[in-house]
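These are the residues of each chain, in order.
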Amino acid sequence: MRLKGKCALVTGSSSGIGRAIAARFAREGASVAVNGRSPEKIAAVVKEIEAAGARALGVRANVGSFAEAQAMVERAEREFGRLDILVCNAGVFHHTPFLELSEAEWDEVLTVDLKGIFNCARAAIGPMARRGWGRVICVTAISGLTGYPEMAHIAAAKTGAHGVVKALAAEFASSGVTVNAIAPGLVETPILANFTEEALANFRRRIPVGRIGRPEEIAEAALYFASDEAAYTTGQILNLSGGTLI
Ligand SMILES: NC(=O)c1ccc[n+]([C@@H]2O[C@H](COP(=O)([O-])OP(=O)(O)OC[C@H]3O[C@@H](n4cnc5c(N)ncnc54)[C@H](OP(=O)(O)O)[C@@H]3O)[C@@H](O)[C@H]2O)c1
């Protein structure tokens, strides 16, 4: 078990990629705090992890709120005794042409996908650095590396996240805390409901491996970044896109 005795918080783990990461970490022996906005979805993931024999804690919180993120991290630290691993994965998705993009949509994506990282990391990194071991992993997107039509708001948040990852990696490298990002291409999650079948077929054609990624494949990369074996890897952005971006 590669995370035996470790305690993790995975934001946005009531669904999709975060859910797969939470389940993968639990299978490797970690206690996992499961977060999202819907209590029903959180409870289902907690039940699934507990049924597999691991410890789980459901924490409903809006990562875009500094106070709620702070309280969530403190609760996980209180219940588990400490927090070793933070995965900033929570995100919202609107696929919107720029000339139709509202201020509210821009603000929501920037608040959840970018400020959410600040809110959670600000609360979690201090105690990790004081203990001399910590892992912060951000789930971003290849749109943060390439830009993408009709995703100016998402690209802005994800590119910003890459800057935060590099800055924090440099600041905390000597404290035993690594900070890395996984930038997926398209992944099979409820987010795909935003696209028409035709749009998905177009996307598929442009993925060299010939299919959309699976949440479990993102979880394997998160497991590597979370492990002891990745102690020398920090400030990196892993493009995990089936060859979409080479
Ligand atoms: N799927 C893809 O193709 C893809 C590609 C590149 C990057 N990503 C990134 O991967 C991450 C996960 O996406 P996904 O595809 O797994 O989406 P998903 O299945 O829709 O899951 C999103 C998760 O984030 C949570 N969430 C949303 N807003 C939140 C908030 N304000 N506070 C706390 N939790 C919040 C959701 O909780 P509720 O359901 O309770 O609202 C849910 O658990 C996102 O950052 C996304 O940008 C996804």
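Below or above, wherever it landed, is the structure these notes cover. Computed from a predicted structure; not experimentally measured.

Focus on the packing of helix H4 (residues 103-131) against helix H6 (residues 152-172)
Right, on to step 1. Look at H4 against H6: their axes get within 8 Å of each other, and the N-to-C directions meet at 15°. One element, H4, and the other, H6, form an angle in the roughly parallel class. Viewed along their axes, H4 and H6 form a crossing whose handedness is right-handed. Together, Glu105, Trp106, Val109, Leu110, Asp113, Leu114, Ile117, Phe118, Ala121, Ile125 and Ala129 of H4 and His153, Ile154, Ala156, Ala157, Lys158, Gly160, Ala161, Val164, Leu168 and Phe172 of H6 make up the contact between the two elements.

Observations regarding the sheet that holds strand S6 (residues 177-184)
Right, on to step 1. Spatially, seven strands are ordered S3-S2-S1-S4-S5-S6-S7 in an open sheet, and the strand pairing comes out parallel. Here the strands that pair on one side only, and so sit at the sheet edges, are strand S3 (56-60) and strand S7 (237-240). The average undirected angle you get between the axes of adjacent strands in this sheet is 15°.
Right, on to step 2. Across the sheet, helix H3 (residues 66-80) touches strand S1 (7-10), strand S2 (31-36) and S3, and the angle it forms with S3 is around 160°.
Right, on to step 3. Here helix H8 (residues 215-226) sits on the sheet and contacts strand S4 (85-88), strand S5 (134-139), S6 and S7; the angle it forms with S5, its principal contact strand, is near 155°.

A short note on H3
Right, on to step 1. Taking 1.5 Å of rise per residue, the 15 residues of H3 would be expected to cover 21 Å, and the 21 Å separating its terminal C-alpha atoms lies within 8% of that figure.
Right, on to step 2. If you follow the buried residues of H3, they end up packed against S1, S2, S3 and H4.
Right, on to step 3. Phi turns positive, to about 100°, at glycine 81, one or two residues after H3.

Remarks on the site of the ligand
Right, on to step 1. Every one of the 30 residues lining the ligand counts as a neighbour, but Gly12, Gly16, Gly36, Gly91 and Thr189 are closest to it.
Right, on to step 2. Elements supplying a minimum of two residues to the shell around the ligand: helix H1 (16-27), S2 and H4.
Right, on to step 3. Of all the elements, H1 adds the most residues to the shell around the ligand, at three residues.
Right, on to step 4. Residues of the shell around the ligand, tallied by class, amount to 13 nonpolar, 14 polar and three charged.

About the thresholds
Residues numbered from 1 in each chain as written. Predicted model: local features only at pLDDT ≥ 70, side-chain atom pairs only at ≥ 80, totals over all residues. Axes fitted to C-alpha atoms, helices over the stretch in contact; angles between N-to-C directions. Helix = DSSP H or I, 4+ residues; strand = E, 2+ residues; numbered from the N terminus. Parallel < 35°, antiparallel > 145°, perpendicular 65-115°, else oblique. Left-handed = near helix turned anticlockwise from the far one by under 90°. Contact = placed C-beta atoms within 7 Å. Pairing = 2+ DSSP bridges. Expected span 1.5 Å × (residues − 1). Near = placed C-beta within 6 Å. Nonpolar A, V, L, I, M, F, W, Y, C, P; charged D, E, K, R; others polar.

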